[in-house]
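These are the residues of each chain, in order.
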Amino acid sequence: MIKTCSGKAGALPINTILPGDCIAEMAKLPDASVDLIFADPPYNLQLKGELHRPDNSRVDAVDDAWDQFASFEAYDRFTRLWLTEARRILKPDGALWVIGSYHNVFRLGAALQDLGFWILNDVVWRKSNPMPNFRGKRFTNAHETLIWASRSEEAKYTFNYEALKALNEGIQMRSDWVLPICTGHERLKDGNGDKAHPTQKPEALLHRVILATTSVGDVVLDPFFGTGTTGAVAKMLGRDWIGIEREAAYRDVAEARLAKVRKFDRQALEVSASKRAEPRVPFGQLIERGMLRPGEELWSLNGRHKAKVRADGTLVGDDVRGSIHQVGAALEGAPSCNGWTYWAFKRDGKMVPIDLLRQQIRAEMSAH
């Protein structure tokens, strides 16, 4: 049974795997209906014959029919068709991630720019445990490249900067990610004990992508769903998902996998937010609520300046009048000043930053 989400854009088959060709299935989806697309398209590896290790054992490489194209022109035509549909179904502030290797990522990047997407970052996924180069004629291929692009240059795309910083122990997240390839218990197997999919992506990679660029309740589409890594991580993180997969064997594995996935509880899904995302509190609200009184003095935290609070929420000090920001900047001779972190008031002989009062109001706002 297809669960649908109805709105101005029409019905959307959320939390469902759609069987069939990705271009044909995307064409059935409503305009501007999806928040994020994660795409792991065929890499067009152009393998010539079988690949063997030095001991002459055969390497289980990607030689499936879905990865084979007659020419670069055929691959480019396929790429432009699915990307055109992807851009149509993305919301105006939506974004897309696409992952590839040196075989195809440059062609993907050119197509994205030609079709009007705006590239935000390329991210190098450096594999901590890559497959070695058995022939010894090239460097070990130890990375793949992800391209993150918004639907347009004007898009107000989602980026949970503070959450990614927290994930990285307080350090700004870089565009080179060291993560292992999918192995061990995470590697899904078919009935014969073989790999269920040759290019199964690790959940850690999708966790970072979805946490970084979506919000709880967003819809994430994966047009090359495979064994369902995108859907599994989206479900755990409280996002809705849509998968498209033409291979029945992959769909069966994905369905079984997703049936076992449980969403994290609501409190666990909350992430660190940027201060810019917090509710705006005018300084005047502190006066209206009696948290500060007209005539009360504020002191700069560096102890050099003071100013008096006025009834309209402005300050006056040393012949300077204006907002908490304007007066602080003028007294310091600086081009700008964050008045919330510059000013303090005195209580029981101690200096108390006015930002504590703002946080108190924000806490009350979030409780309702």
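Parameters and conventions
- Residues numbered from 1 in each chain as written.
- Predicted model: local features only at pLDDT ≥ 70, side-chain atom pairs only at ≥ 80, totals over all residues.
- Heavy atoms only, no water.
- Core = buried A, V, L, I, M, F, W, Y, C linked by side-chain atoms within 4.5 Å.
- Buried < 20%, exposed > 50% of the residue type's maximum accessible area, 1.4 Å probe, protein only.
- Helix = DSSP H or I, 4+ residues; strand = E, 2+ residues; numbered from the N terminus.
- Contact = heavy atoms within 4.5 Å.
- Axes fitted to C-alpha atoms, helices over the stretch in contact; angles between N-to-C directions.
- Parallel < 35°, antiparallel > 145°, perpendicular 65-115°, else oblique.
- Left-handed = near helix turned anticlockwise from the far one by under 90°.
- Pairing = 2+ DSSP bridges.

Caption draft 1: Focus on the nonpolar core. Counting 33 residues, the largest nonpolar core has Phe38, Trp97, Ile99, Leu146, Trp177, Leu205 and Val209 as the members making the most contacts within it. Mapped by element, the contributors of at least two residues to this core are β4 (34–39), β5 (90–100), β6 (118–127), β7 (143–150), β8 (176–179), α5 (203–213), α6 (229–236) and α7 (248–259). Take this core: its biggest share by element is five residues, from α5.

Caption draft 2: Highlighting helix α10 (residues 324–332). Those residues of α10 that sit buried are Ile324, Val327, Gly328, Ala329 and Leu331. As for α10, its buried residues are in contact with α9 (283–288), β12 (306–309), β13 (315–317), β14 (320–322), α11 (339–342) and β15 (343–347). Immediately downstream of α10, the backbone of Gly333 shows phi near 65°, a positive value.

Caption draft 3: Inspection of the packing of α5 against α6 at higher detail. Interaxial distance between α5 and α6 falls to 9 Å at its minimum, and their mutual angle equals 55°. Compared by their axis directions, α5 and α6 come out oblique. As α5 runs across α6, the sense of the crossing is right-handed. Two secondary-structure elements touch here, α5 through Glu203, Leu206, His207 and Ile210 and α6 through Thr229, Thr230, Ala232, Val233, Ala234 and Met236.

Caption draft 4: How the structure looks around the sheet that holds strand β9 (residues 219–222). Taking strand neighbours across the sheet as the criterion, the eight strands line up as β3-β10-β9-β4-β5-β7-β6-β8 in an open arrangement whose pairing is mixed. For this open sheet the edge positions go to β3 (16–19) and β8, each flanked by a neighbour on one side alone. If you compare each strand with its neighbour and ignore which way they point, the axes differ by 20° on average. As paired strands, β5 and β7 are joined by six bridges and run antiparallel to one another. By the bridge assignment for β7, Ala95 is matched with Ser150. Strands in contact with α5 are β4, β5, β6, β7 and β8; relative to β8, the strand with the most contacts, it is inclined by about 140°. Helix-sheet contacts for α7 involve β3 and β10 (240–245), and the interaxial angle to β3 is about 175°.

Caption draft 5: Spotlight on the pairing of β4. In terms of residue burial, β4 counts as a mostly covered element, since six of its six residues are buried. Pairing of β4 with β5 involves five bridges; the strand directions are parallel. Looking across to β5, one finds that Ala39 is bridged to Val98. Where β4 and β9 come together, two bridges link them in parallel fashion. Looking across to β9, one finds that Ile37 is bridged to Leu221.

Caption draft 6: The sheet that holds strand β11 (residues 297–300), seen in detail. Spatially, the six strands line up as an open sheet ordered β14-β13-β12-β11-β15-β16, and their pairing is antiparallel. Two strands bound the open sheet, and with one partner strand each, they are β14 and β16 (350–353). Here the average twist between neighbouring strands, direction ignored, is 35°. The sheet contact formed by β13 and β14 spans three bridges and is antiparallel. Its bridge partner lying in β14, Gly317 is registered against Val320. Contacting β12, β13, β14 and β15, α10 runs over the sheet at an angle of about 155° to β14.

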